Amino acid sequence: MASYRPMTVADLAARLPGAADDKTRWKLVWEFLEEYRWEPGDAQPSLLMDEPPLTGDERWDALLAALAEHLAAGHDLAPPDWAEPRVLRRPWFPAQLRVQRADALVHAPAAFRKHGVYLSAADLEAA
């Protein structure tokens, strides 16, 4: 029997291109976040450090960088080196509803704003 190993950001990136649609991609992101939260605090940063492969969609690459930077900041750590260049030239608002977009503009965590991804902090907590 194989032993359990939590998903890393690199594992998540490798799975995103094969997902059928954005809804499935978001489910994978939430699955990663759930596994991340269940890991002991001292083990969590190790899930962020390996450079993920590019997904073929710069929006998702920037989102992964923002996510890694945001989670690393929760441990008072600098973002992984690989995350720095993954920044969108044009902002991306993953939410479909106008009211959600307005909320994301106001409440997106700093790491997400830096990478050009406007996702409400509440959306990350709900995951």
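Thresholds, definitions, all that
Residues numbered from 1 in each chain as written. Predicted model: local features only at pLDDT ≥ 70, side-chain atom pairs only at ≥ 80, totals over all residues. Heavy atoms only, no water. Salt bridge = Lys/Arg side-chain N within 4 Å of Asp/Glu carboxyl O. Helix = DSSP H or I, 4+ residues; strand = E, 2+ residues; numbered from the N terminus. Buried < 20%, exposed > 50% of the residue type's maximum accessible area, 1.4 Å probe, protein only. Expected span 1.5 Å × (residues − 1). Axes fitted to C-alpha atoms, helices over the stretch in contact; angles between N-to-C directions. Parallel < 35°, antiparallel > 145°, perpendicular 65-115°, else oblique. Left-handed = near helix turned anticlockwise from the far one by under 90°. Contact = heavy atoms within 4.5 Å. Nonpolar A, V, L, I, M, F, W, Y, C, P; charged D, E, K, R; others polar. Polar contact = N/O pair within 3.5 Å; in protein donor to acceptor, adjacent residues only side chain to side chain.

K.L.:
Hey, could you run me through the pattern of salt bridges in this one?
P.N.:
Between side chains of opposite charge, pairing is possible as soon as their charged atoms come close. Enumeration over the complete set of coordinates arrives at 7 salt bridges. Here glutamate 51 and arginine 86 are joined by a salt bridge, their closest N and O atoms 3.6 Å apart. Placement of the pair is glutamate 51 in the loop between helix H2 (22-38) and helix H3 (58-73) and arginine 86 in the loop between H3 and helix H4 (98-107), with a sequence separation of 35 residues. Overall, arginine 86 belongs to the buried group, its relative accessible area being 10%. The salt bridge involving arginine 59 is made with aspartate 57; its shortest N-O contact spans 2.7 Å. Exposure remark for aspartate 57: the relative accessible area of 22% places this residue in the partly exposed category. The network of salt bridges with common partners includes Glu69, Glu84 and Lys114.

K.L.:
Mind showing me how you'd approach H2 here?
P.N.:
Within an α-helix, residues lying three or four positions from one another point in the same direction, as the helix has 3.6 residues per turn. Helix length check: H2 (17 residues) gives 24 Å between terminal C-alpha atoms against 24 Å at 1.5 Å per residue, within 8%. Residues Arg25, Trp26, Leu28, Val29, Phe32, Leu33, Glu35 and Tyr36 constitute the buried set of H2.

K.L.:
How should unusual backbone geometry be read in this particular structure?
P.N.:
When glycine is set aside, most residues are seen to have a negative phi, and most peptide bonds are trans. The backbone phi angle of aspartate 76 is positive, close to 60°, even though this residue is not glycine. With respect to the helices and strands, the residue aspartate 76 is situated in the loop between H3 and H4.

K.L.:
Looking at this model, I keep getting lost on the packing of H2 against H3. Mind explaining?
P.N.:
The description of two packed helices rests on the angle between their axes and on the distance between the axes. At their nearest, the axes of H2 and H3 sit 13 Å apart, and the two run at 15° to each other. What the angle tells us is that H2 and H3 run roughly parallel. In the packing of H2 onto H3, the handedness of the crossing is right-handed. Each of Asp22, Arg25, Trp26, Val29, Phe32, Leu33 and Tyr36 in H2 lies in contact with H3, whose residues at this interface are Arg59, Trp60, Leu63, Leu67 and Leu71. Residue composition of the contact of H2 with H3, by class: 9 nonpolar, no polar and 3 charged.

K.L.:
What exactly am I supposed to notice about the environment of tryptophan 82 here?
P.N.:
Its location among the elements puts tryptophan 82 in the loop between H3 and H4. When its relative accessible area of 6% is taken as the criterion, tryptophan 82 is described as buried. When neighbours within four sequence positions are excluded, tryptophan 82 is seen to be in contact with Val9, Leu48, Met49, Asp50, Glu51, Pro52, Leu64, Ala65 and Ala68. A polar atom in the side chain of tryptophan 82 sits 3.3 Å from the backbone oxygen of methionine 49.

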